[in-house]
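Each chain, written out:
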Amino acid sequence: MKAKAISYALLSAALFGVSTPAAKLLLADIDQRILAGLLYCGAGVGVALLRRLPYRLGFVIRAEEATLTKSDWPWMGAATLAGGVAGPLLLMFGLAHAEAATASLLLTLEGVFTAAIAWFVFREPFDRRIALGMAFIVAGSLCLAWSGAPSLSGALGPLAIAAACFAWAIDNNLTRRVSLSDPLQIVEIKGMVAGSVNLGIGLFAGALMPAIPLIGAASVVGFLGYGVSLALFVLALRHLGTARTGAYFSTAPFLGAAVSVVALREPLTLQLVAGAALMAAGVWLHLTERHEHEHSHEAVEHSHSHVHDEHHRHGDHSDHENGQPHTHWHAHEPLLHAHPHMPDTHHRHDH
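About the criteria used
Residues numbered from 1 in each chain as written. Predicted model: local features only at pLDDT ≥ 70, side-chain atom pairs only at ≥ 80, totals over all residues. Heavy atoms only, no water. Patch = residues over 30% accessible without salt bridge, like charges linked within 9 Å, V, L, I, M, F, W, Y side chains within 5 Å. Areas by Shrake-Rupley, 256 points an atom, 1.4 Å probe, with all protein chains shown as cover. Salt bridge = Lys/Arg side-chain N within 4 Å of Asp/Glu carboxyl O. Helix = DSSP H or I, 4+ residues; strand = E, 2+ residues; numbered from the N terminus. Buried < 20%, exposed > 50% of the residue type's maximum accessible area, 1.4 Å probe, protein only. Expected span 1.5 Å × (residues − 1). Bend = angle between axes of the 7 residues up to and from the residue. Axes fitted to C-alpha atoms, helices over the stretch in contact; angles between N-to-C directions. Parallel < 35°, antiparallel > 145°, perpendicular 65-115°, else oblique. Left-handed = near helix turned anticlockwise from the far one by under 90°. Phe/Tyr/Trp six-rings, centres within 6.5 Å; stacked < 30°, edge-to-face > 60°. Lys NZ or Arg CZ within 6 Å of the ring centre and 35° of its normal. 1 Å grid on protein atoms, 1.4 Å probe; cavity = no way out; pocket = protein on both sides within 12 Å on 5 of 7 lines; lining within 4 Å. Points joined across faces, edges and corners; volume = space filled by probe spheres on them. Nonpolar A, V, L, I, M, F, W, Y, C, P; charged D, E, K, R; others polar.

Asks: Kindly report on a nonpolar patch on the surface, identifying the contributing residues and their values.
Replies: Together, Val 45, Leu 49, Met 192, Val 193, Val 197 and Ile 201 give the surface a local cluster of nonpolar side chains, amounting to about 470 Å² of exposed area. For the nonpolar patch, the elements supplying multiple residues, two or more each, are helix 2 (32–51) and helix 8 (183–204). The element best represented in the nonpolar patch is helix 8, accounting for 4 residues. A relative accessible area of 43% places Val 45 in the partly exposed class.

Here it is in structure tokens:
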């Protein structure tokens, strides 16, 4: 499951990474507030349609997923406000005042902020290897942000992108609290609400809707780069924890920067290469982590999509012994054992 979860995070990163230079192109013809709304509306509408198919995302997300409960809604509301409203508005402003390649690499800060909040607010465990990896990522970001003669006008774009990353980091940690629920339901709600709010803000401020072809293009970018990407990110959160998922997601800027250099013909500078190399080293340290020790599981009852493995040996469900995912309310008995693991939903123990 670790390898599969990592693939979810990396695919999520790839989809989001390509969306950044695509959004930069669309900003030439679409107001930044309207574009933020169209991206999330594209995610919400597209995922709403996908959610109603028998097999929603290939064979990754199946129809049988736990729905959000009453206790999940406060977390969902706060996550949507931070990541669906504040985040995209700040990003669109930043993209309008920074080159797409630099913006793409600065988006790596989302992983750093995500990890910091997970570690120091939600007490997710980490070791020196993970901390060193994040230090490399920060160094790469500082390398990219440095200019010989910094000025307020030159700093506005990078600062706005950094603020967007912080908003998304809050979103990631709050979404972790509901990650056992249907990922497509989470994305559908976020997309519909965030898209409507951002469009409303733009129209109220006097911005105009673009032509139909541009609306279609923005919707497709939003569906893939925000909708499908976020659904895969939620799946990764379940199995890897918030900080690790954020680290794997930090690969998104590398692809985004590559696309910016090739497609938008932005310059490939030594500063860009050095920043990318530092960030790559940090991500590699995370990818090669191995965490194993004796740990205990407390008794807990909940509902989510699962297979019958060493952590799910409850009741008599012989019809699911073939390893097929299924969802029902189940109880976990106390358990003490040792094996390689990540700080996923079932491994939130103290260290």
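Anyway, onward from the coordinates.
Asks: Describe helix 3 (residues 73–96), naming the residues involved and giving the relevant values.
Replies: In this model, helix 3 (24 residues) spans 33 Å end to end at C-alpha, consistent with the 34 Å of a helix rising 1.5 Å per residue. The largest bend in helix 3 amounts to roughly 35° and is located at Gly 87, with the proline Pro 88 lying one to four residues further along.

Asks: Please give an account of the packing of helix 2 against helix 8 that cites residues and values.
Replies: Taken N-terminus to C-terminus, the directions of helix 2 and helix 8 make an angle of 150°; their axes are 7 Å apart at the nearest point. On the basis of the axis angle, helix 2 is roughly antiparallel to helix 8. In this structure, helix 2 meets helix 8 at a crossing whose hand is left-handed.

Asks: Give a description of the packing of aromatic side chains that names residues and reports values.
Replies: Going through the model one piece at a time under the given rule, you end up with 7 aromatic pairs. With a centroid separation of 5.8 Å and an interplanar angle of 85°, the aromatic rings of Phe 16 and Trp 168 are classed as edge-to-face. Placement of the pair is Phe 16 in helix 1 (residues 2–26) and Trp 168 in helix 7 (residues 152–176), with a sequence separation of 152 residues. Pair check on accessibility: Phe 16 and Trp 168 agree, each one buried. Centroid distance Phe 113 to Phe 166: 5.6 Å. Interplanar angle 80°. Geometry classified as edge-to-face. In this pair, Phe 113 sits in helix 5 (residues 109–120) while Phe 166 sits in helix 7, placing the two residues 53 residues apart along the sequence. By relative accessible area, which is 42% here, Phe 166 ends up partly exposed. One aromatic cluster is present, built from ring pairs that chain together Phe 16, Tyr 40, Trp 168, Tyr 226, Phe 233 and Phe 249. Of note, Arg 129 hangs over the ring of Trp 284, and the distance from its end group to the ring centre comes to 5.4 Å.

Asks: I'd like to hear about empty space enclosed by the protein, residue by residue, with values.
Replies: It is the rolling of a water-molecule-sized probe over the atoms that shows where space remains empty. Applying the stated criterion to the full structure yields 2 cavities of 30 Å³ or more. Forming the boundary of the largest cavity are 16 residues, of which Phe 16, Tyr 40, Glu 110, Trp 168 and Leu 230 lie nearest the centre. Those elements that place two or more of their residues in the lining of the largest cavity are helix 1, helix 3, helix 7 and helix 9 (212–240). Element by element, the count of residues in the lining of the largest cavity is highest for helix 9, at 5 residues. Grouping the constituent residues of the lining of the largest cavity by class yields 7 nonpolar, 6 polar and 3 charged. Estimated volume of the second largest cavity: approximately 60 Å³.

Asks: If you had to explain the pattern of salt bridges to someone new, which residues and values would you point to?
Replies: Under the defined criterion, the tally for this structure stands at 7 salt bridges. One salt bridge in this structure joins Glu 188 and Arg 51, with 3.1 Å as the shortest N-O distance. Of the two residues, Glu 188 is situated in helix 8 and Arg 51 in helix 2; the sequence distance between them amounts to 137 residues. Residue class for Glu 188 comes out buried when judged on its relative accessible area of 13%. Glu 124 serves as the salt-bridge partner of Arg 244, at 4.0 Å between the closest nitrogen and oxygen.

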